Amino acid sequence: MSLQMVSTVSNSSLLQPGFSLLNFDGHIFFFGQKGWPKRSCPTGVFLLDIKQNELKMKPAFFSKDSCYLPPLRYPALCMLRSDARADEYQYIIHGGKTPNNELSDKVYFMSLVSKTSKKMTFQCIEKDLGGDVPEARYGHTINVVHSRGKSMSVLFGGRTYTPLAQRTTEKWNSVVDCLPSVFLIDFEFGCCTSYVLPELQDGLSFHVSVARDDTIYILGGHSLQNNTRSPNLYKLKIDLPLGSPAVTCTILPGGISVSSAIVTQISDTEFVLVGGYHSDNQKRLACNTIILEDSKIEIVERVSPEWTPDIKHCRMWFGCDMGKGSVLLGIPGANKQIIPDANYFYILRCKEAEEDKEEELMTQICSQTSSEDPGDSAPFEDSEEFCFSAEANSFDADDADTYNEDDEEDESETGYWITCCASCNIDINTWVPFYSTELNKPAMILCSSGAGHWVHAQCMDLSETLLLHLSEANVKYFCNKHIDLNKGLQTPQKVMCLKKPPMKPLRKKKTMKLSTSKKSFLRRLFE
């Protein structure tokens, strides 16, 4: 095992605890940044390129038919193949925390659809589920099992917010363990089924799970209810006959009391367990090898790398599996770095040096024999990369195209992130799509008052139907502030008088004329 430091000066604040790494054909992609994505990388997915102790992050792109994927931290993530030995695969992403600390219950499928030396394009699809749908959560795991020629995904553990009916003002955002139910998910038909097993009594989160064929092993994890890290080792066996699936659980000896550990696979049957915590204030510096063979598991101690003093003395560390036996580890920079939220990063390689060289040679051979278009084989453009270097002055003076987040135009004052009105509540750090037509920028509309100015459609309380109508129709729009002013400046329309037909004169009623004698007679009669 070898440990290599990747020194950072700036822009490392994107990588915070809870991030995920995806390995597509040996290329590592970062997902789950801190905060909402900016226009420099609206997808929030980056290609990590590590060469000569320098880490570069190149923005990745999504295809036009992709759905919106928010940056999720602490999601459940696993690789899905059509069968156990298929070469093509995609990633399943479930749950996690958004930058607003909201929990997601959605499932996304992410696959690489186009790859050149200059551009990586992904397709992200949201899957709808029915049946016993798992609630929104984070800190859980998802694995894929194969049995009798069929495959099924298994979800377990995690934490969620306290139900609304049980919340109080003092503990409004408190979290609890999810129920220890095992969810079987058939993504082909979108069906979920939950199983309650007597062996699983307490909810677990930040545990470790490894799968082989039809068996999943669950190791460690933290229980909030008991404030303990489970020493148990659980064996879940899933049988997928023609009828209903059968799920059984067995408690095995030889478990490890650890939480937030990282597992990386070094061969078909061997995994390496790295990092984690024994308790809230005690890191676990020991490493273990996990061997899965013939429906059996064996956990043995492994020689740990020579941890640096910074790693030994820091209270907190985090990281993620990079695939192929490598782990990216991070520790807080504390007061040693000028930039806030900056971290130190290390790459831990668990394979032997000879195996790494063989894999590197195979990767080079595969890349040379690839069927890429020669026109797309140009090197990366520095303007599209984040550069992490050991020294700030290591860049050449002529390298003006190197990306620097501080040089980017302040989006809070220009572009889509302006304060369009007094009641504007659009914030780049908290905004989420409101209309179905939005992806990574808020919808805006031009107010025709004066020289014209742009306002957010959401701040104007425009419905999606009205917004689409205004965008298609050739009409002027006035915002809420100028609509009354516009009405006052308008010339009143000329009111057309209605032509009324002439009225016919009324005929006079004929009256009976009485003589004077008759009038006197009638007067005396009524007196």
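On a predicted model such as this, the values are computed, not experimentally measured, just so you know. (Residues numbered from 1 in each chain as written. Predicted model: local features only at pLDDT ≥ 70, side-chain atom pairs only at ≥ 80, totals over all residues. Heavy atoms only, no water.)

Pairing within the open sheet is mixed, and its 5 strands lie in the order E11-E17-E16-E13-E12. Only two strands of the sheet have a single neighbouring strand rather than two, namely strand E11 (130-131) and strand E12 (141-147). Across 6 bridges, the pairing between strand E16 (residues 181-186) and strand E17 (residues 191-196) is antiparallel. From the neighbouring strand, Ile185 faces E17, where its bridge partner is Cys192. (Pairing = 2+ DSSP bridges. Helix = DSSP H or I, 4+ residues; strand = E, 2+ residues; numbered from the N terminus.)

It is worth spelling out the nonpolar core at this point. Counting residues in each nonpolar core, the largest one holds 22 residues, and the members touching the most others are Ile445, Val455, Met460, Leu462, Leu467 and Tyr477. At the level of secondary structure, the elements contributing two or more residues to this core comprise strand E34 (444-447) and helix H3 (464-472). Leaving out residues up to four positions away in the same chain, Ile445 has contacts with His453, Trp454, Val455, Leu462, Leu467, Leu470 and Tyr477. (Core = buried A, V, L, I, M, F, W, Y, C linked by side-chain atoms within 4.5 Å. Buried < 20%, exposed > 50% of the residue type's maximum accessible area, 1.4 Å probe, protein only. Contact = heavy atoms within 4.5 Å.)

Below, the discussion takes up the sheet that holds strand E8 (residues 89-94). Taken in spatial order, the 5 strands of this open sheet run E6-E10-E9-E8-E7, and their pairing is mixed. Bordering the open sheet on either side are strand E6 (61-62) and strand E7 (76-81), each of which pairs with just one other strand. Direction of pairing for E6 relative to strand E10 (residues 120-127): parallel, over a ladder of 2 bridges. Residue pairing in the sheet places Phe61 in a bridge with Thr121 of E10.

Moving on, we get to the environment of Asn173. Looking at where Asn173 falls in the secondary structure, it is placed in the loop between strand E14 (159-161) and strand E15 (175-177). Using a relative accessible area of 55% as the deciding quantity, one classes Asn173 as exposed. For the pair formed by Asn173 and Glu102, sequence separation is 71 residues and the distance between their alpha carbons is 10.0 Å.

Let us look at the UniProt feature "binding site: Zn(2+)" (unreviewed entry) in the chain. Here the UniProt-annotated "binding site: Zn(2+)" (unreviewed entry) positions come out as Cys420, Cys424, Cys447, His453, His456, Cys459, Cys479 and His482. Those residues in contact with His456 that sit more than four places away from it in its chain are Tyr416, Ile418, Cys420, Cys424, Ile426, Pro442, Ala443 and Met444. Position of Cys479 relative to the elements: it lies in the loop between H3 and helix H4 (483-489). In this structure Cys479 touches Cys447, His453, Val455 and Met460, once residues within four positions along its chain are discounted. (UniProt positions renumbered as here; feature names shortened; annotations may be inferred.)

This part takes up the pattern of salt bridges. For the structure shown, the criterion picks out 4 salt bridges. Between Asp25 and Lys115 there is a salt bridge, with its nearest N and O atoms 3.9 Å apart. Highlighted residues: Asp25 in the loop between strand E2 (20-24) and strand E3 (27-31) and Lys115 in strand E9 (residues 107-115), separated in sequence by 90 residues. Residue Lys115 is classed as partly exposed on the basis of its relative accessible area of 32%. Residue Lys237 pairs with Asp214 through a salt bridge whose shortest N-O separation is 2.9 Å. A residue pair is termed long-range when its members are at least 10 positions apart, and Lys237 in strand E22 (residues 233-239) and Asp214 in the loop between strand E18 (208-212) and strand E19 (215-219) qualify at 23 residues. Residue class for Lys237 comes out partly exposed when judged on its relative accessible area of 34%. (Salt bridge = Lys/Arg side-chain N within 4 Å of Asp/Glu carboxyl O.)

Attention now goes to the confidence of the model for the chain. The share of residues in the chain with pLDDT of 70 or more is 75%, and the mean pLDDT across the chain is 78. In this model, residues 360-414 is a region of pLDDT below 50 whose contacts with residues beyond four sequence positions or in other chains number 85 contacts. (pLDDT = per-residue confidence, 0-100.)

All right, on to the pairing of E9 then. Successive side chains on a regular strand alternate, one facing one side of the sheet and the next facing the other. Relative to E9, E8 is paired through 4 bridges, and the arrangement is antiparallel. Bridging across to E9, Ile92 finds its partner in Phe109. As judged from the 8 bridges shared by E9 and E10, these two strands associate in the antiparallel manner. Among the inter-strand pairings, Phe109 is bridged to a residue of E10, identified as Ile125. The loop that links E9 with its antiparallel partner E10 comprises 4 residues.

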